[in-house]
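Reading the structure
Spelled out, the chains give:
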Amino acid sequence: MDVAIVGVGLHPFGRFPGVSGIEMGAIAARRALDDAGVQWRDIQFAFGGSYEVDNPDAVVALLGLTGIPFTNVYNGCATAASALTMAADTIRLGDCDLGIAIGMDKHLPGAFSADPRQYACPSWYGELGQFVTTKFFGMKINKYMQDHGISHSTLAKIVAKNLRNGVLNENAFRRKPMSEEDILGSPMLNYPLTQYMFCSPDEGAAAVVLCRAEHAHRYTDTPVFLRAATVRTRRLGAFEVHSPWLPMDETVGPTVDASRAAYEIAGIGPEDVDVIQLQDTDAGAEIIHLAENGFCRDGEQEALVADGALEIGGALPVNTDGGLIANGEPIGASGLRQVHEVVLQLRGHAGDRQVPGNPKVGYTQLYGAPGTAGVSILAR
Amino acid sequence: MAQVPVADGIFTWPSDEPRLIGSRCTECQIVTFPTQASCPRCPSTEMAEHLLARRGRLWAWTTQGFPPPSPPYSGPTGKAFVPFGVGYVELGDEVKVEAHLTEADPARLTHGQEMELVLVPFREDDNGDEVITFAFRPVD
């Protein structure tokens, strides 16, 4: 059974003192319901994703206590992909026709932290200051640049592009452009990554209303079909965050596994994709993820970036809403923000940042600790 | 000032020629660091203690330019913080181990360069003892 997305809604991303994560979730949900032209009482099930909000299902206190099954999801940076995947699967099971996935979060500024023992890591790993996600991203892109000939200025060009796209997005956190010189000249956090090459944990919410594909035209003239949604975790030998050791034998990361599975399920290849949203935790992640998701070979990013291929008007438009670098990362909402952007692009409703040429196929990818990835492929 | 290891059972102590203490699966022979009770590759729970090589090659590296969030980080913060190098070193073609590097200058670190295990001071604990940890130092 096919699944359609008939409504999307967003609470802007940024910092909102005095507004709770639950309240942002309710606002995003209402906007998605309005977009689909349905009422909360029409919704038959819900999935809610968050890291900071213990019980996203408490949002029913603000939307209506209708008694529906409401499942809370936390799956690291792939939380929203997991909520989306399970919502789609619930419709495919055949018991429900109309449901919603809601993501919300409200993080404090600064790098994420946790007790390493919760990640099956020894305490001393945290005590020594090695339980740090940004350090992993620095190591991964540093090695990748060495192996595949990527320059420091390409890192800065990625950030500059995503901030330019953020200027065009009224919901983005960072809406000021920066020069490559200022990006490269900001404090070095984890070589080769400087301060402005990283996204920031922040606040926001997003929601998506899904239905059985054959019902889609009851709600909208512009349905977008979810052709695949996959989640994968790391295999032994993948180079992953929070690893005190790695084996000698290497293998590809979970993004590659999730991506290959999604292309196979959708019957769509990377050459068919018109608009792309990738996990740009840092500028290096966008570069690596371009190859891991099949959009280029390792090392081709240097020329693609120089030629402007990743710009909104380029051959491979990536992170057209500014990505994580301009929007920040409220973990529970981040992946549904990507879906929201792809749906607007496929409808032709993305305004100043609309990808030209009537895009038909969109792609989203999430990746994060402790080695979890999610991919979705959408088409109209 | 007395010296104490940052944790028991991760390196030989006291020792003039320190070794990291890993484990090896008696079934599939994979080597882990630190020791663990079950194999990450095969279903075995038969893991034997295994001392790792003292020298190896730098496989991946970066620098830590800001004090990590504390807790869990227990080292110097604020003005006392000194950026440090971090990397994975391939030891004896058996395992890659992540550790502090004694060198934090990117101009002096190269993928593939030879490194050796050393024990270094990390911080002073509440008893006034010096906490010792393991790190890798470039071999000249």
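Everything discussed here concerns the structure shown above.
Keep in mind that this is a model prediction, so the values were computed, not measured. (Residues numbered from 1 in each chain as written. Chains lettered and ligands numbered in written order. Predicted model: local features only at pLDDT ≥ 70, side-chain atom pairs only at ≥ 80, totals over all residues.)

1. Description of the overall build of chain A
For chain A, the helix and strand inventory stands at 13 helices and 12 strands. The C-alpha atoms of chain A give a radius of gyration of 19 Å, which matches the 21 Å a tight globule of 380 residues would have. Dimensions of chain A, computed from C-alpha atoms along their principal axes, come out at roughly 55 × 50 × 40 Å. Across the 380 residues that make up chain A, the buried fraction comes to 61%. Sequence separation of 24 or more characterises 77% of the internal contacts of chain A that already satisfy a separation of 6 or more. (Helix = DSSP H or I, 4+ residues; strand = E, 2+ residues; numbered from the N terminus. Rg over C-alpha atoms; globule rule 2.2 N^0.38 Å. Buried ≥ 20, exposed ≤ 12 C-beta atoms within 10 Å, placed from the backbone. Contact = placed C-beta atoms within 7 Å.)

2. Comments concerning the interface of chain B and chain A
Many authors give the size of an interface as the accessible area that is lost as the parts come together. Counting residues at the interface gives 36 residues for chain B and 32 residues for chain A. Contributions of two or more residues to the side of chain B that touches chain A are made by strand E5 (55-64), strand E6 (84-91) and strand E7 (95-101) of chain B. In the sheet, strand E9 (residues 245-247) of chain A pairs with E7 of chain B via three bridges, with the strands oriented antiparallel. By the bridge assignment for E7 of chain B, Leu 246 of chain A is matched with Lys 96 of chain B. (Pairing = 2+ DSSP bridges.)

3. Some words on unusual backbone geometry
Tyr 191 of chain A connects to Pro 192 of chain A through a cis peptide bond whose omega is 5°. On the secondary structure map, Pro 192 of chain A appears in the loop between strand E5 (188-190) and strand E6 (193-194). Put simply, Ser 70 of chain B and Pro 71 of chain B share a cis peptide bond, and its omega is -5°. Along the chain, Pro 71 of chain B turns up in the loop between E5 and E6. Notably, Asn 358 of chain A is not glycine yet its phi reads approximately 60°, a positive angle. Judged by the 10 C-beta atoms lying within 10 Å of it, Asn 358 of chain A falls in the exposed class.

4. What to know about the sheet that holds strand E4 (residues 47-51) of chain B
Overall, antiparallel pairing links the three strands, which are arranged E3-E2-E4 (chain B) in an open sheet. Looking along the sheet, the strands with just one partner apiece sit at the ends: strand E3 (31-32) and E4 of chain B.

5. Considering the pairing of E5 of chain B
Residues and elements named next belong to chain B. Counting buried positions along E5 gives eight out of 10 residues, so the element sits mostly inside the fold. Note that E5 and strand E8 (residues 114-124) share three bridges and pair antiparallel. Bridging from a neighbouring strand, Arg 57 pairs with Glu 114 of E8.

6. Overview of the environment of Val 120 of chain B
Relative to the helices and strands, Val 120 of chain B is located in strand E8. When neighbours within four sequence positions are excluded, Val 120 of chain B is seen to be in contact with Thr 102, Ile 132, Thr 133 and Ala 135 of chain B.

7. Thoughts on the pairing of E6 of chain B
All names here are of chain B. In terms of burial, E6 is a largely internal element, seven of the eight residues being buried. The pairing of E5 with E6 spans eight bridges and is antiparallel. Its bridge partner lying in E6, Ala 60 is registered against Tyr 88. Where E6 lies against E7, seven bridges are found, and the strand directions are antiparallel. The residue bridging Gly 85 from the neighbouring strand is Leu 101, located in E7. From the end of E6 to the start of E7, which pair antiparallel, there are three residues, and Gly 92 there has a positive phi angle of about 55°.

8. A word on helix H13 (residues 331-347) of chain A
Residues and elements named next belong to chain A. Here H13 contains 17 residues, and its C-alpha end-to-end distance of 26 Å stays within 8% of the 24 Å for a straight helix at 1.5 Å per residue. In terms of burial, H13 is largely enclosed, as 16 of its 17 residues are buried. After H13 finishes, the residue Gly 348 shows a positive phi value of roughly 80°. (Expected span 1.5 Å × (residues − 1).)

9. Quick notes on the sheet that holds strand E7 (residues 203-212) of chain A
All names here are of chain A. Strand order in the open sheet formed by nine strands is E3-E2-E4-E7-E1-E8-E12-E11-E10, and the pairing between neighbours is mixed. Each having just a single partner strand, strand E3 (70-73) and strand E10 (275-277) make up the two edges of the open sheet. Each adjacent strand pair in this sheet contributes to an overall mean axis angle of 20°, direction not counted. Of the pairings in the sheet, the one linking strand E1 (residues 3-14) to strand E8 (residues 224-233) comprises three bridges and is antiparallel in character. Bridged to Val 3 within E8 is Leu 226. Against the sheet, helix H1 (residues 21-36) touches E1, strand E2 (45-49), strand E4 (98-106) and E7, its axis set at about 140° to E1. (Axes fitted to C-alpha atoms, helices over the stretch in contact; angles between N-to-C directions.)

10. Brief notes about the packing of helix H5 (residues 133-148) of chain A against helix H10 (residues 283-292) of chain A
Residue and element names in this part refer to chain A. Running from N to C, H5 and H10 point in directions that differ by 55°, and their axes come no closer than 9 Å. Taken together, the axes of H5 and H10 lie oblique to each other. You can see that H5 and H10 cross each other, and the crossing is left-handed. Together, Phe 137, Lys 140, Ile 141 and Tyr 144 of H5 and Gly 284, Ala 285, Ile 287 and Ile 288 of H10 make up the contact between the two elements. By residue class, the composition of the contact of H5 with H10 is six nonpolar, one polar and one charged. (Parallel < 35°, antiparallel > 145°, perpendicular 65-115°, else oblique. Left-handed = near helix turned anticlockwise from the far one by under 90°. Nonpolar A, V, L, I, M, F, W, Y, C, P; charged D, E, K, R; others polar.)

11. Comments concerning helix H3 (residues 79-93) of chain A
All names here are of chain A. Here H3 spans 21 Å end to end across 15 residues, near enough to the 21 Å set by a 1.5 Å rise per residue. Looking only at H3, the buried set comprises Thr 79, Ala 80, Ala 81, Ser 82, Ala 83, Leu 84, Thr 85, Ala 87, Ala 88, Thr 90 and Ile 91. A positive phi of about 100° marks Gly 94, the residue just after H3.

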